[in-house]
Amino acid sequence: MSGRLGIAALAGLPAAVARPAYDPARFGAGIVHIGLGAFHRAHQAVYTDAALAEAGGGWRIDGISLRSTEIADALNPQDGLYTLIERGEEGVSARVIGSIRKVIAAAHDRQAPLTALAAPETRIVSLTVTEKAYGIDRAEGTVDAAHPAIIADLADPRAAQGVLGLLAEGLRLRKERGLQPFTVLCCDNLPDNGHLVRTGLIDLARRLDPAFADWIGEHVAFPSTMVDRITPAPTDDTLAEAERQLGVRDLAAIETEPFSQWVIEDRFPTGRPEWERGGAIFVEDVAPYEAMKLRMLNGTHSMIAYAGYLSGHRYVRDVMADAALAKLVHRHLKAAAATLAPLEGIDTGDYAEALARRFANPAIAHETYQIAMDGTEKLPQRIAAPALHALQHGQDLRPFAFAVAAWMRYCLGRTDDGAGYALRDPREEAIGGALAGVGKDARGMVRALSALPGVFPVELARNERWDDFVANILSEMLAKGMMHAAKEEALS
Ligand code: CS2
């Protein structure tokens, strides 16, 4: 039986495995990160590892897992160390990351997250919790008063358990103790993510104490970010690959693509690591980069997920190997690019080509079913926003209508062969309710799902041309099956 990764194992690792070029124990933690999933470990933690290696500083990361205990139980016995496996067309490489100091699982200790947020050395609180965890009503810019975490945290703010509630209580404790506030760094795929979290947090605080809400507005920075790295959920293969490369077991290994991008607004009144050492780009305004990534990468990803899953393709790379769907991918990328304002130094045609290559990476097994989850949270910024732009500017609407029709078809929860699957959407019940009694009538489905609040802008949903496109494409999908409908669509 082989040993386990940890500080003691570092010296014995094979020479080909890169390891922290610093002694992790020398540096304290300055960041608390909420949501320690594979994406954070493949992205921000890696940039922080590079910053520590080249510039040092008290910037290691204390992670908080709000729901699962799995990552804490895997990482803590390994001194926070884990393997980053990069799978590119040229081969596989392994690197041990040392930037995580420890992981707090809220389920193990309810008080520990607040203790970390209120610790004097905490200067940045970063987040990758997924779109649905915030409990923000994006259309209104307020908290979603029906979100379970918001309800619980408004009722008992001192014992907050949700994302916004924890941020608010952490900041309140700091204010009470005369400590400087932390900077809030949202790293989720949301448009204008810093601003969005700021608006939601201030609204939550206002419902508790208006003066405190004003204090947050005046003293807390919320830089926006664009984050990018395709990172499938780790599997047993990931752990086996890590063991093969390291010669010891690593229960927290992750795998990802070679490409990585991080664009950040440089507003960190409480300081920050030198993330540029790891390749991060600091800009005045992230919004145009975020729009490009959300509409081109993520929007196309969602189309790939629904049309691909229902065509029987397990992985994104399989979708790219399907000639008809690959053609629709290129069509979608082009239509999404046309909705963007020009960005200096960026050619969206080149960006589209690079994305298509990344999607096709044969070494990355990214499940269409994984990307398909949480559609109601993803569609607004990925598909509906560019579709509305296209409508208002007389541009090509059809690619967006195809993506929406594929999502609507997916909402039935059954493949063309009749196999059932879970939608895995926070609004699964509302979707079921909307579709009840509609049957497989395309018009009826479009009407019912378009009326779900907050998913499609009214101007788009009420547009006749849009409505016809979606209903006609959906009707083809229902009548002929997804694979045939996609083939015909690619020929149109
Ligand atoms: C994907 C993203 O699961 C999804 O919805 O579109 O996680 C995507 O892989 C990342 O944003 C890439 O940076």
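Everything numeric in this text was worked out from a predicted model, so none of it was measured.

Conventions and cut-offs
- Residues numbered from 1 in each chain as written.
- Predicted model: local features only at pLDDT ≥ 70, side-chain atom pairs only at ≥ 80, totals over all residues.
- Pairing = 2+ DSSP bridges.
- Helix = DSSP H or I, 4+ residues; strand = E, 2+ residues; numbered from the N terminus.
- Axes fitted to C-alpha atoms, helices over the stretch in contact; angles between N-to-C directions.
- Contact = placed C-beta atoms within 7 Å.
- Expected span 1.5 Å × (residues − 1).
- Bend = angle between axes of the 7 residues up to and from the residue.
- Buried ≥ 20, exposed ≤ 12 C-beta atoms within 10 Å, placed from the backbone.
- Near = placed C-beta within 6 Å.

### Some words on the sheet that holds strand β4 (residues 91-97)
As summarised here, the arrangement of the three strands in space is β4-β3-β11, forming an open sheet in which the pairing is mixed. The outermost strands of the open sheet, each flanked by one partner alone, are β4 and β11 (254-256). Direction aside, the axes of adjacent strands within the sheet are offset by 25° on average. Where strand β3 (residues 82-88) lies against β11, three bridges are found, and the strand directions are parallel. Within β11, the residue paired with E86 across the bridge is T256. Strands in contact with helix α10 (residues 236-246) are β3, β4 and β11; relative to β3, the strand with the most contacts, it is inclined by about 100°.

### Examining the environment of C411
With respect to the helices, strands and loops of the structure, C411 is situated in the loop between α17 (398-410) and α18 (428-435). Taking the C-alpha atoms as reference, C411 lies 9.4 Å from A422; in sequence the two are 11 residues apart. The residues contacting C411, other than those within four sequence positions of it, are L423, I431, L435 and L449.

### Concerning helix α16 (residues 375-392)
Helix length check: α16 (18 residues) gives 24 Å between terminal C-alpha atoms against 26 Å at 1.5 Å per residue, within 8%. Maximal helix bending in α16 amounts to about 35°, located at A384; proline P386 follows within four positions. Burial analysis of α16 places 15 of its 18 residues in the buried class, the great majority of the element. Looking one or two places after α16, you find G394, whose phi comes out positive at around 60°.

### Observations regarding the site of the ligand
Every residue close to the ligand is listed here: N189, D228, R229, I230, L297, N298, H301, Q370, I371 and K378. Counting residues per element, the ones that place at least two in the shell around the ligand are α11 (287-310) and α15 (368-372).

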